[in-house]
Protein chains: 2
Amino acid sequence: MMKPDVYAANCPTRQILDRVGDKWAVLILLLLREEPMRFNQLRRTIEGISQKMLSQVLKSLERDGLIKRRAIATVPVTVEYSITQLGITLAAAVDPLRDWAEQNLKDVLAAQRRYDAQLKDEAA
Amino acid sequence: MMKPDVYAANCPTRQILDRVGDKWAVLILLLLREEPMRFNQLRRTIEGISQKMLSQVLKSLERDGLIKRRAIATVPVTVEYSITQLGITLAAAVDPLRDWAEQNLKDVLAAQRRYDAQLKDEAA
DNA sequence: CGGGATCCGCTGTGATACTG
DNA sequence: CAGTATCACAGCGGATCCCG
């Protein structure tokens, strides 16, 4: 039932969690699941990401086989990023988390307020 | 079907993803789902975490209402951490991700090797 | 035992400028 | 358009010491 290796240092889960934890990676994955997109298109859609980060994250997602890069020889060059089959399955595994977030954020925020109020009381 | 706010800067999902992405948070959550634990017990089990980080993560997990801290007035003091109901549901949402990791890590690693080999070829 | 406080190095990240 | 290169900086996280 339990999976002990989760608590070791180099378990698969840890590596994937790092990926998912990446501030932008999942965002991009979910975007590309909807439709393929070009570099600046992603940049404009995501809003807040620097072009350095975008380029970096795209590269690492491609390296992991989660997205695919296709350069089209137009002038100027066009590059289209799309999700892979592997990426689609990962995105699917992320969905429960997204649903959880939407359903429970309110409770989390409430807990935070309670905790902070508690601290202020003790300080006084 | 699609949930557009996921791509905005301050969506719930982003906040939860940050939590899940935390290197230690999920690990601790999964541990405490198995059984309540004390501070140094966690420290020894996780191996690699500094006491500063552990204390910090525990505090933020408690603040989010995901775990619960109970101090027992023995000498010396005993403190027991346990998961909350909310924490249990989050852990459940993480399970698909853990399963995905175990099933697909091999593919990811293979993709990385292919990508790296490709780069080396182009360099030559 | 269960932490808090401090110092400090490293790297992740952003801004800017440049290129094919 | 789709990036790369360089620099400069903040903050994360580790190590250490200390306390109730």
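Per-chain numbering applies: the sequence of each chain, read as written, is numbered from 1 onward. Numbering of ligands from 1 and lettering of chains from A proceed in the order in which they are written. With pLDDT at 70 or above as the cut-off, local features in this predicted model cover only qualifying residues; side-chain atom pairs require 80 or more to be listed or tallied, and sums for whole chains, interfaces and linings still use all residues. Side-chain metrics in this entry use all non-hydrogen atoms of the structure; hydrogen atoms and water are not considered.

**Overview of empty space enclosed by the protein**
So, step 1. The definitions used throughout rest on a 1 Å grid laid over the protein atoms alone, on which a cavity is an enclosed set of points accommodating a 1.4 Å probe that cannot get out and a pocket is an open set flanked by protein within 12 Å on both sides along at least five of seven lines; lining residues are those having an atom within 4 Å of a point. Grid points are joined across faces, edges and corners, and a volume is the space filled by probe spheres set on the points. This model, assessed by the stated rule, comprises four cavities of 30 Å³ or more.
So, step 2. Along the walls of the largest cavity sit A:Arg14, A:Leu17, A:Asp18, B:Val20, B:Gly21, B:Asp22, B:Lys23, B:Val26 and B:Leu27, which together make up its complete lining.
So, step 3. Helix and strand assignments come from DSSP, with helices taken as H or I runs of at least 4 residues and strands as E runs of at least 2, each series counted from the N terminus. For the lining of the largest cavity, the secondary-structure elements that each account for two or more residues are α1 (12-21) of chain A together with α1 (12-21) and α2 (25-34) of chain B.
So, step 4. If one sorts the elements of the lining of the largest cavity by residue count, α1(A) sits on top with three residues.
So, step 5. For the lining of the largest cavity, a count of residues per class yields four nonpolar, one polar and four charged.
So, step 6. For the second largest cavity, the calculated volume is near 40 Å³.
So, step 7. Every residue lining the second largest cavity is listed: B:Arg19, B:Val20, B:Ala25, B:Val26, B:Leu29, B:Leu61, B:Leu66 and B:Leu90.
So, step 8. Contributions of two or more residues to the lining of the second largest cavity are made by α1 and α2 of chain B. Each residue is assigned to one class: nonpolar for Ala, Val, Leu, Ile, Met, Phe, Trp, Tyr, Cys and Pro, charged for Asp, Glu, Lys and Arg, and polar for all the others, Gly among them.

**Considering the protein's contact with DNA strand C**
So, step 1. Whether a residue is near a molecule or strand depends on its heavy atoms: if one lies within 4 Å, it is near. Among the 16 residues in the neighbourhood of DNA strand C, the closest are listed as A:Lys52, A:Met53, B:Gln51, B:Arg69 and B:Tyr81.
So, step 2. In DNA strand C, the atoms that sit within 4 Å of the protein are 50% sugar and phosphate, with bases accounting for the remainder.
So, step 3. Any N or O atom pair separated by 3.5 Å or less is treated as a polar contact, with the protein-specific requirement of one donor-capable and one acceptor-capable atom, and with residues adjacent in sequence counted only for side-chain atom pairs. Between a base oxygen of DNA strand C and a side-chain N or O atom of A:Lys52, the distance comes to 2.5 Å.
So, step 4. In the model, a phosphate oxygen of DNA strand C is placed 3.2 Å from a nitrogen or oxygen of the B:Lys59 side chain.
So, step 5. Mapped by element, the contributors of at least two residues to the surface near DNA strand C are α4 (51-63) of chain A together with α3 (39-46), α4 (51-63) and β3 (78-83) of chain B.

**Some remarks on the interface of chain A and chain B**
So, step 1. Should any heavy atoms of two residues lie within 4.5 Å, those residues are counted as being in contact. The partner chain B presents 49 residues to the 49 residues of chain A that form the contact.
So, step 2. Between chain A and chain B, a total of about 4,900 Å² is buried, with carbon and sulfur atoms accounting for 66% of that surface.
So, step 3. By convention in these notes, a salt bridge is any Lys or Arg side-chain nitrogen within 4 Å of a carboxyl oxygen on Asp or Glu. Taken together, the connections running from chain A to chain B amount to two salt bridges.
So, step 4. For the salt bridge of B:Asp116 with A:Arg63, the shortest nitrogen-to-oxygen distance reads 2.5 Å.
So, step 5. For the pair chain A and chain B, the number of links is eight residue pairs in polar contact (both at pLDDT 80 or more).
So, step 6. Contributions of two or more residues to the side of chain A that touches chain B are made by α1, α2 (25-34), α3 (39-46), α4 and α5 (85-123) of chain A.
So, step 7. A total of 21 residues in the side of chain A that touches chain B trace back to one element, the largest contributor, which is α5(A). The term buried area refers to how much accessible surface (probe radius 1.4 Å) is lost by two components on association, counted for both of them together.

**Observations concerning the sheet that holds strand β1 (residues 37-38) of chain A**
Residue and element names in this part refer to chain A.
So, step 1. A pair of strands is labelled paired if DSSP reports no fewer than 2 bridges between them. Spatially, the three strands line up as an open sheet ordered β1-β3-β2, and their pairing is antiparallel. Here the strands that pair on one side only, and so sit at the sheet edges, are β1 and β2 (67-72).
So, step 2. With two bridges joining them, β1 and strand β3 (residues 78-83) adopt antiparallel strand pairing. Residue pairing in the sheet places arginine 38 in a bridge with glutamate 80 of β3.

**Quick word on the sheet that holds β3(B)**
Strands pair in a sheet through their backbones, by hydrogen bonds, and they do so in one of two ways: parallel or antiparallel.
So, step 1. Pairing is antiparallel across the open sheet formed by three strands, whose spatial order is β1-β3-β2 (chain B). If you trace the sheet from one side to the other, it starts and ends with β1 (37-38) and β2 (67-72) of chain B, each paired once.

**Regarding the relation of the copies chain A and chain B**
So, step 1. Of the transformation superimposing chain A on chain B, the axial component is 0.0 Å and the angular component is 180 degrees, with the fit at an RMSD of 0.1 Å. Such a combination of rotation and displacement between the chain copies is what one expects of a two-fold axis. Closest to the rotation axis within chain A is the C-alpha of A:Gly21, separated from it by 1.5 Å.
So, step 2. Comparing interface residues between copies, 100% of those in chain A also lie at the interface in chain B; the contact surface is shared. A residue counts toward the fit only if its pLDDT is at least 70 in both copies, and the copies are then superposed by least squares on the C-alpha atoms of those residues.

**Observations concerning the pairing of β3(A)**
Residues and elements named next belong to chain A.
So, step 1. The pairing of β2 with β3 spans six bridges and is classified as antiparallel. Note on β3: the bridge partner recorded for alanine 71 is valine 79.
So, step 2. Connecting β2 to the antiparallel partner β3 that follows it, the hairpin turn spans five residues.

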